[in-house]
Amino acid sequence: MAYAEGEKGLKIISVGNSFAQDAQAYLHTLAESAGEEIHSENLMIGGCSLERHAGCLKNNLDDYVLEVNGVSTEKHITLREALTKDSWDVVTLQQASHYSFDYGTYMPYLQELSDGVRALCPGAEQVIHQTWAYEDGSERLTVELGFSTSQVMFNGLEDAYNKAARQLGGAQQIPSGLAFRLAQEAGFGPLHRDTFHAQIPQGRYLLSAVWFTFFTGKNAADASFLPEGMTRQEKELLDRIAWEAVERKKAEK
């Protein structure tokens with residue numbers, strides 16, 4: 001879906017982790033190259049779960065490192081401070097990837113976090129960031145999590161995120177996980193750089209294209225940005241996949 005921009009463009013903050021970091025890495029630059037203004041910030045704790053996010057909010061912990069438009073400020077900040085320092089249009093919420101498929105790990109923490117965000121940012125829309133499955137053959141996928149294939153993990157996380165979205169009253173979802181699934185089905189690779197984080201630049205570009213399309217309603221093909229190490233042909237394919245993922249998720253509503 002497309003969001004109306006204010007005077008300073010669209011302002012997004014992610015209560016996230018390294019997966020939100022991957023998604024935001026190129027977002028500002030990609031949007032700028034298409035004539036759009038998206039200001040994005042990420043509250044970074046590696047591998048952070050909803051349970052830990054809720055605890056950080058409750059105890060006002062400054063465990064987060066603030067990232068602005070894909071760049072770390074190296075500044076530690078509390079969730080309360082971050083959510084109240086600006087007038088945010090969107091706050092994104094997500095589960096840690098290693099719990100993403102297990103809805104039992106979402107509650108009550110997602111609701112606690114959502115309630116806290118609503119109190120601190122009453123004018124912001126809460127959006128679910130759907131994370132992605134690990135690479136086929138990954139030890140993390142098979143040994144640590146016990147999945148036979150990436151598809152099985154994706155099926156689980158898709159179901160859990162759908163339940164989370166319903167819990168929050170029908171929240172919109174940024175379909176990053178679906179985009180990775182579609183790219184894998186198309187035979188595109190590599191998507192992962194360590195079997196679970198997004199490959200640089202291709203995986204990160206796909207995520208940024210998904211976020212750009214979701215928030216602006218425009219095709220990333222309209223953006224001229226091409227990260228170093230990626231071909232024009234790869235961009236064209238990933239732009240199409242990003243568009244398809246957003247349209248397919250939209251059709252589920």
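This text goes with the structure placed above it.
Criteria and cut-off values
Residues numbered from 1 in each chain as written. Predicted model: local features only at pLDDT ≥ 70, side-chain atom pairs only at ≥ 80, totals over all residues. Heavy atoms only, no water. Buried < 20%, exposed > 50% of the residue type's maximum accessible area, 1.4 Å probe, protein only. Helix = DSSP H or I, 4+ residues; strand = E, 2+ residues; numbered from the N terminus. Pairing = 2+ DSSP bridges. Contact = heavy atoms within 4.5 Å. Axes fitted to C-alpha atoms, helices over the stretch in contact; angles between N-to-C directions.

Asks: So what exactly am I meant to see when it comes to the pairing of strand β1 (residues 10–15) here?
Replies: Burial runs high along β1: six of the six residues are buried. Side chains of β1 alternate between two faces, with Leu10, Ile12 and Ser14 and Lys11, Ile13 and Val15 buried alike. Two strands pair when backbone bridges link them, and β1 and strand β2 (residues 38–44) are joined in this way by six bridges, in the parallel orientation. Residue pairing across strands places Ile13 opposite Glu41, the latter belonging to β2.

Asks: In this structure, what is going on with unusual backbone geometry? I would like to understand it.
Replies: As a rule of thumb, non-glycine residues mostly have phi less than zero, and peptide bonds are mostly trans rather than cis. In this chain, Met107 is followed by Pro108 through a cis amide linkage whose omega measures 5°. One non-glycine residue with positive phi stands out, namely Asn60, at about 55°. Mapped onto the elements, Asn60 comes out in the loop between α3 (50–59) and β3 (64–68). Judged by relative accessible area, Asn60 falls into the partly exposed class, the value being 41%. A positive phi angle, near 65°, is found at Glu74, a position not held by glycine. By the secondary structure assignment, Glu74 is in strand β4 (residues 71–77). Classification of Glu74 as exposed rests on a relative accessible area of 68%.

Asks: Explain the sheet that holds β2 here, please?
Replies: Within a beta sheet, neighbouring strands are joined by backbone hydrogen bonds and run either parallel or antiparallel to one another. Strand order in this open sheet of seven strands is β4-β3-β2-β1-β5-β6-β7, and the pairing throughout is mixed. The strands lining the two open edges of the sheet, one partner per strand, are β4 and β7 (173–174). Relative to strand β6 (residues 125–129), strand β5 (residues 90–93) is paired through four bridges, and the arrangement is parallel. Following the sheet pairing, Leu93 is matched in β6 by Ile128. This element, helix α5 (residues 109–120), spans β1, β5 and β6 of the sheet and lies at about 165° to β5. Across the sheet, helix α7 (residues 150–167) touches β6 and β7, and the angle it forms with β6 is around 170°.

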